[in-house]
Amino acid sequence: MLHVRRDVDGKISVAGMVSDSGGDPALAEWVLAQLRIRVLDATIVWEDAMRGAPPLVLEDLQFGLDNSGRRHRFGLSALPPAELSARLDLRGEVYGDMHEALERYSGSLYLELDRADLAGWKPWIDYPVYLPRGHGGLRLWATLDEGAGKLTTDLALADLRIRLGDKLPALDLTSLRGRLRGEYSADA
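Here the structure is a predicted model, which is why all the values come from computation and not from measurement. (Residues numbered from 1 in each chain as written. Predicted model: local features only at pLDDT ≥ 70, side-chain atom pairs only at ≥ 80, totals over all residues. Heavy atoms only, no water.)

*Asks:* Please explain the side chain of T152 as it appears in this structure.
*Replies:* Within the secondary structure layout, T152 lies in strand β10 (residues 148-163). The exposure class assigned to T152 is buried, which follows from its relative accessible area of 17%. Among all residues touching T152, those that are not within four sequence positions of it are R139, L140, W141, R179, L180 and R181. (Helix = DSSP H or I, 4+ residues; strand = E, 2+ residues; numbered from the N terminus. Buried < 20%, exposed > 50% of the residue type's maximum accessible area, 1.4 Å probe, protein only. Contact = heavy atoms within 4.5 Å.)

Structure (structure tokens):
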């Protein structure tokens with residue numbers, strides 16, 4: 001079992017080793033210098049004192065990272081608590097240099113989450129909308145291109161309560177299915 005913790009000051013510790021929130025990139029540089037990293041059949045406990053969230057236990061975690069120069073491919077699969085969702089799957093391929101700002105990175109990301117209690121994830125995720133209730137699944141594809149990108153999300157949700165803006169009324173929906181697409185730019 002591996003414990004990962006973020007303290008109230010934002011410092012992250014992994015198995016008791018504390019990162020320097022002052023920007024020392026030594027650990028990240030070491031990780032990106034490795035050609036291949038694999039973590040198999042692990043249990044991770046995420047404790048986030050900064051958010052005041054309860055511990056999140058991810059079991060049967062499988063993680064892979066392959067680095068080749070500026071190209072970084074990764075995959076993560078894990079079982080959250082059954083009341084939160086089925087297995088989650090996150091994959092991506094990112095091109096960039098450790099010393100570049102995030103908006104200079106390019107690549108693609110994929111996230112799949114089924115049988116999720118969306119409101120149940122709120123202690124660990126900030127949603128851009130009011131979302132006190134909702135269940136279902138989603139698949140999300142994102143492309144990044146030096147400060148711009150595209151996002152596509154397939155949704156199959158039920159028993160949803162959502163408010164899309166502070167001045168808008170909340171919507172109670174029996175079900176919501178479909179595809180959402182959007183583009184973004186760091187300059188916008």
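*Asks:* I'm lost on the pattern of salt bridges in this one. Help?
*Replies:* Working definition: two side chains of opposite charge can pair if their charged atoms are close together. Evaluated as defined, the whole model comprises 14 salt bridges. Here R133 ties to D172 by a salt bridge, and the two come within 2.9 Å at their closest N and O atoms. Residue R133 is found in strand β9 (residues 130-145), and its partner D172 is found in strand β11 (residues 171-185); the two are separated by 39 residues along the sequence. Overlapping salt bridges bring together R133, D159, R161 and D172 as one network. (Salt bridge = Lys/Arg side-chain N within 4 Å of Asp/Glu carboxyl O.)

*Asks:* Any chance you could explain unusual backbone geometry here in plain terms?
*Replies:* Glycine aside, negative phi is the norm for most residues, and most peptide bonds take the trans geometry. Positive phi, close to 50°, is recorded for R115, a residue that is not glycine. Following the sequence through the fold, R115 ends up in strand β8 (residues 106-117). A positive phi angle, near 50°, is found at D159, a position not held by glycine. Assignment of secondary structure puts D159 in strand β10.

Bear in mind that shape data such as this cannot, by itself, settle questions of function.
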